[in-house]
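Fold and contact review
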Protein chains: 2
Amino acid sequence: MAGGLGSRFWPISNSDTPKQFIDVMGVGKSMLQMTFERFEKFCRREQIVIVTGEHYADQVREQIPSLEPHQVVVEPMRRNTAPCIAYAAAIINQRDPEATIIVSPADHAIFKQDKFEADMLQAVDVVGSHDWIITLGAQPTKPETSYGYIQFREQASLENAKNLHKVVTFTEKPPVEMARQFIASGEFFWNAGIFVWRLPILMQAYRDFLPAIAETFFSLGIDTPHEDLERVYAHSEAISVDNGIMEKASNVHVMEAGFGWSDVETWDSLYDVSLRDSHGNAILGGNVFTYNTKNTIVTMPDEKGKTVVVEGLDGYIVAASDDTLMICRRSQEEMVFRFASDVALKELIDKK
Amino acid sequence: MAGGLGSRFWPISNSDTPKQFIDVMGVGKSMLQMTFERFEKFCRREQIVIVTGEHYADQVREQIPSLEPHQVVVEPMRRNTAPCIAYAAAIINQRDPEATIIVSPADHAIFKQDKFEADMLQAVDVVGSHDWIITLGAQPTKPETSYGYIQFREQASLENAKNLHKVVTFTEKPPVEMARQFIASGEFFWNAGIFVWRLPILMQAYRDFLPAIAETFFSLGIDTPHEDLERVYAHSEAISVDNGIMEKASNVHVMEAGFGWSDVETWDSLYDVSLRDSHGNAILGGNVFTYNTKNTIVTMPDEKGKTVVVEGLDGYIVAASDDTLMICRRSQEEMVFRFASDVALKELIDKK
């Protein structure tokens, strides 16, 4: 799934080039490219399907030039994850009705490739012999309020699978006090947004819990005329797969992820997951020189050749795209939405 | 005189493009262009001669395209202001031995054009009937240690010229305590580096106080072969006109400048002379948005189209050239030399 709007990393990402297309981590690859390579290690690359929006399809093809036409599934409009997965499932169904499907966001960070591969192969193995939906859960490290939480019960009744649990509840973005209680109870994982299921189980879940989506989307295919596709999307409910299916289905199991995960949705989470120097500075891009500076994150994914000298900052974000530079305290990162809208408004006025 | 190396405004100026060629003030014109326009208002433009180094001659011609060849005098090497003025004087002497000459740096700021013009015309008038050297002095406003100071005596014996004084001493860059005493005494001006004299008086002063320079430089001309010019310069003493002539000549008078002057040699002096918003921010270039920010100077002369968002800074310099961004506390501005050398060293290492 590579259709997100990701504008939290303004100015380095924006709705034209959202986070999945940006080298947010400063490693020389976009989040999408990293995700693709992660799966390519244990999937046949021609079996990887990328769902994105019309506005982003060309960027997907540019960033992964080897893709065949059927591998880029283009949604005519945004309707959240349930329709997105249903459409991709319908297309996969045309090629392989018995496929096992791993659903994954294209813009999350995974820190241990080996563990990721082992977990995925285990999950694929488990759903091969059980009619389960497996969702991946990450051990929470702080009462993050922007994540979804999965409450689990005792271990699943399965040999050699201590990391598999039956799911009790899903809770999206809880208040901080609730998140604290969740963590204290030891019964909650963060929802990593990765699902593993066989196609027949997936389709049955849609028929059971989202019958309107199942009826319209499962008749779509790679050759569906654009106007039909648009009509289906326009009439569809916009709902997440978590709300629409996971919260309701009784066969959902959560697998504790051993691979280290972050959705890297905020500057602070990016800072948290980045390599830092002895002064706590995370230097993600550019030719950066720091003096009397600490706890500061510097990134300019498009501007690798640029030199940046930073003196006397403590706890700042310094981020530049090719046309915009932002300097902002880390504690004020939620102001980026205001910055983005102020700048857009000014551009609008200047054009008039 | 447009041959300075001006690297104090790194990264917006450097030895390839020193301060005189930069729109330091954020007005859409370089210091050189502003200086040229200032004189053009009351001099015939073809009488303006610009002395610069070989490395800078093309930039002079680009910035002032209307210049005729004889108006750009190119020094083969840097030998401070006394040789520079002597060479220009020799060339002017070929065209008009009775010329009155105003010598001026190309990279200073003048705030009141009308007053400047009036002062210049008065000075030209005075030296027309007196064998004097007039130097312009600015009323000091703080014990600046990077300026030259001119001690003056009683008013000159001249009707209608209350602003003219006989000069007693010149002092370059005094310690701060001395500068304080100078100001307290009320007997000192800042040396604005602008001199007005008739050519015969100028040449006589050189013959009296810098005879070696007079002998070799006054035989130069616009058609002197480059190798001869190089030999003269290579053998010349490097000395300022202040040290070599002004401190020694007895006919030097200082005119109190009514026009508002700054040599704009430091980030702090630029901040001082810039228009500031109600939070004390001096926004000199770029499409700048400030939030919770005060006492900060933002400038990016080459990057007018760039958007800059600054949040949570107090007392900083934010400056960008097309390839380098600097964020530095104003109180640490002397660190720019270290920044420039660290960056240059890194570039050198990267090339190897």
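Everything discussed here concerns the structure shown above.
First, a word on scope: everything that follows refers to the structure included in this document. (Residues numbered from 1 in each chain as written. Chains lettered and ligands numbered in written order. Predicted model: local features only at pLDDT ≥ 70, side-chain atom pairs only at ≥ 80, totals over all residues. Heavy atoms only, no water.)

**Examining the pattern of salt bridges**
A side chain with one charge can pair with a side chain of the opposite charge if their charged atoms come near. Residue and element names in this part refer to chain A. In total, this model carries 34 salt bridges over all chains according to the counting rule given. Notably, a salt bridge pairs Asp-131 with Arg-198, separated by 2.5 Å at the nearest N-O pair. Here Asp-131 is found in the loop between α4 (113-129) and β5 (133-138), whereas its partner Arg-198 is found in strand β8 (residues 188-198), with 67 residues between them in sequence. Asp-350 is the partner of Lys-346 in a salt bridge, and the nearest nitrogen-oxygen pair spans 3.0 Å. Of this pair, Lys-346 and Asp-350 both sit in helix α11 (residues 336-351), four residues apart, roughly one helical turn. Among the charged side chains, a network of salt bridges with common partners joins Lys-19, Asp-107 and Glu-265. (Salt bridge = Lys/Arg side-chain N within 4 Å of Asp/Glu carboxyl O. Helix = DSSP H or I, 4+ residues; strand = E, 2+ residues; numbered from the N terminus.)

**Thoughts on α11(A)**
Between the first and last C-alpha of α11(A) there are 22 Å, a value that for 16 residues agrees with the 22 Å anticipated at 1.5 Å per step. Residues of α11(A) that are buried: Val336(A), Phe339(A) and Val343(A). Seen from one end, α11(A) has its buried residues packed into an arc of 55°, which puts them on one side. Across from the buried face of α11(A), at angles greater than 90 degrees, the exposed residues are Leu348(A) and Ile349(A). Tucked into the core, α11(A) has its buried residues touching α10 (267-273) and β16 (324-329) of chain A together with β12 (287-291) and β14 (307-311) of chain B. (Expected span 1.5 Å × (residues − 1). Buried < 20%, exposed > 50% of the residue type's maximum accessible area, 1.4 Å probe, protein only. Arc of directions from axis to C-beta. Contact = heavy atoms within 4.5 Å.)

**Details of the interface of chain B and chain A**
In this assembly, 32 residues from chain B lie in contact with 32 residues from chain A. Both faces considered, chain B and chain A share a buried interface measuring about 2,700 Å² in area, 56% of it formed by carbon and sulfur atoms. Where chain B meets chain A, there are two salt bridges. Between Arg329(A) and Glu311(B) there is a salt bridge, with its nearest N and O atoms 2.6 Å apart. Our enumeration of links across chain B and chain A arrives at 20 residue pairs in polar contact (both at pLDDT 80 or more). Among the elements of the structure, β12, β14, β15 (316-320), β16 (324-329) and α11 (336-351) of chain B are those that each provide at least two residues to the side of chain B that touches chain A. In terms of residue count, the dominant contributor to the side of chain B that touches chain A is β16(B) (six residues). (Buried area = accessible area lost by both parts, 1.4 Å probe. Polar contact = N/O pair within 3.5 Å; in protein donor to acceptor, adjacent residues only side chain to side chain.)

**A few points about the sheet that holds strand β13 (residues 297-299) of chain B**
Whenever strands of a sheet pair, they do so through backbone hydrogen bonds, lying parallel or antiparallel. If you trace the six strands from one edge of the open sheet to the other, you get β12(A)-β14(A)-β16(B)-β15(B)-β13(B)-β11(B), paired in mixed fashion. Where the open sheet ends on each side, the last strands, each with one partner, are β12 (287-291) of chain A together with β11 (282-283) of chain B. When β12(A) meets strand β14 (residues 307-311) of chain A, the two strands line up parallel, connected through five bridges. From the neighbouring strand, Tyr291(A) faces β14(A), where its bridge partner is Glu311(A). (Pairing = 2+ DSSP bridges.)

**A closer look at the side chain of Asp242(B)**
All names here are of chain B. By the secondary structure assignment, Asp-242 is in helix α9 (residues 241-246). No salt bridge is formed by the buried Asp-242, whose closest oppositely charged neighbour, Lys-173, lies at an N-O distance of 9.3 Å. At 2.5 Å, the side chain of Asp-242 forms a polar contact with the side chain of Asn-191. Not counting residues up to four positions away in its chain, the partners in contact with Asp-242 are Phe-170, Asn-191, Phe-195 and Glu-247. (Lys, Arg positive; Asp, Glu negative; His and termini not counted.)

**Here's the deal with the sheet that holds strand β15 (residues 316-320) of chain A**
Strand order in the open sheet formed by six strands is β11(A)-β13(A)-β15(A)-β16(A)-β14(B)-β12(B), and the pairing between neighbours is mixed. Either end of the sheet is taken by a strand with one partner, and the two such strands are β11 (282-283) of chain A together with β12 of chain B. In the sheet, strand β13 (residues 297-299) of chain A pairs with β15(A) via three bridges, with the strands oriented parallel. Of the residues in β15(A), the one forming a bridge with Thr299(A) is Ala319(A). Against the sheet, α11(A) engages β16 of chain A together with β12 and β14 of chain B, with an angle of about 145° to β12(B). (Axes fitted to C-alpha atoms, helices over the stretch in contact; angles between N-to-C directions.)

**A word on the side chain of Asn287(B)**
Inspection of the secondary structure assignment puts Asn287(B) in strand β12. Residue Asn287(B) is classed as buried on the basis of its relative accessible area, which comes to 15%. Excluding anything up to four places from it in sequence, Asn287(B) contacts Lys346(A), Lys304(B), Lys306(B), Thr307(B) and Val308(B).

**Some words on a nonpolar patch on the surface**
On the surface, a nonpolar cluster with roughly 310 Å² of combined accessible area is contributed by Leu345(A), Leu348(A) and Ile349(A). In this fold, Leu345(A) is placed in helix α11. (Patch = residues over 30% accessible without salt bridge, like charges linked within 9 Å, V, L, I, M, F, W, Y side chains within 5 Å. Areas by Shrake-Rupley, 256 points an atom, 1.4 Å probe, with all protein chains shown as cover.)

**A word on the packing of aromatic side chains**
Two aromatic rings are characterised by how far apart their centres lie and by the angle between their planes. The full count for this structure, using the stated rule, is 36 aromatic pairs over all chains. Joined through ring pairs, the aromatic side chains of Phe39(A), Phe42(A), Phe116(A) and Phe259(A) make up one cluster. Just above the ring of Tyr271(A) sits the side chain of Arg276(A); from NZ or CZ to the centre is 4.7 Å. Above the face of the Tyr271(B) ring, Arg330(B) is positioned so that its terminal group lies 3.6 Å from the ring centre. (Phe/Tyr/Trp six-rings, centres within 6.5 Å; stacked < 30°, edge-to-face > 60°. Lys NZ or Arg CZ within 6 Å of the ring centre and 35° of its normal.)

**A closer look at the packing of helix α3 (residues 81-95) of chain B against helix α6 (residues 199-209) of chain B**
All names here are of chain B. Across the interface, α3 lies against α6 with an axial gap of 11 Å and an inter-helix angle of 135°. Classified by the angle their axes make, α3 and α6 are oblique. Viewed along their axes, α3 and α6 form a crossing whose handedness is left-handed. Facing α3, whose interface residues are Thr-81, Ala-82, Ile-85, Ala-86, Ala-89, Ile-92 and Asn-93, α6 presents Leu-199, Leu-202, Met-203 and Tyr-206. (Parallel < 35°, antiparallel > 145°, perpendicular 65-115°, else oblique. Left-handed = near helix turned anticlockwise from the far one by under 90°.)

**With respect to a negative patch on the surface**
There is a patch of like negative charges on the surface, built from Asp302(A), Asp322(A), Asp323(A) and Glu347(A). Looking at where Glu347(A) falls in the secondary structure, it is placed in helix α11. (Charge placed at Lys NZ, Arg CZ, Asp CG, Glu CD.)

**Describing the relation of the copies chain B and chain A**
When chain B is fitted onto chain A, the two copies agree to an RMSD of 0.0 Å after a turn of 180° and an axial shift of 0.0 Å. A rotation of that kind, with that shift, is consistent with a two-fold axis. By residue overlap, the copies meet face to face through one surface: 100% of the interface positions of chain B are interface positions in chain A. (Least-squares fit on C-alpha atoms with pLDDT ≥ 70 in both.)

**Description of the pairing of strand β9 (residues 252-256) of chain B**
All names here are of chain B. Where burial is concerned, most of β9 is hidden: four out of the five residues are buried. Bridging between strand β5 (residues 133-138) and β9 involves five bridges; their strand directions are parallel. Bridge assignment links Ile-133 to a residue of β9, and that residue is Val-252. As paired strands, strand β7 (residues 164-172) and β9 are joined by three bridges and run antiparallel to one another. Considered in β9, the bridge of Lys-166 is made with His-253.

**Observations regarding unusual backbone geometry**
Each neighbour pair has its own omega, and for Trp10(A) with Pro11(A) the value is 5°, a cis peptide bond. Mapped onto the fold, Pro11(A) is located in the segment before α1 (31-40). Phi at Asn80(B) is positive, roughly 70°, even though this residue is not glycine. Topologically, Asn80(B) is positioned in the loop between β2 (72-75) and α3. Although it is not a glycine, Lys173(B) adopts a positive phi angle of roughly 40°. Tracing the chain through its elements places Lys173(B) in the loop between β7 and α5 (176-185). For Lys173(B), a relative accessible area of 52% translates into the label exposed.

That is the geometry; function is a separate question.
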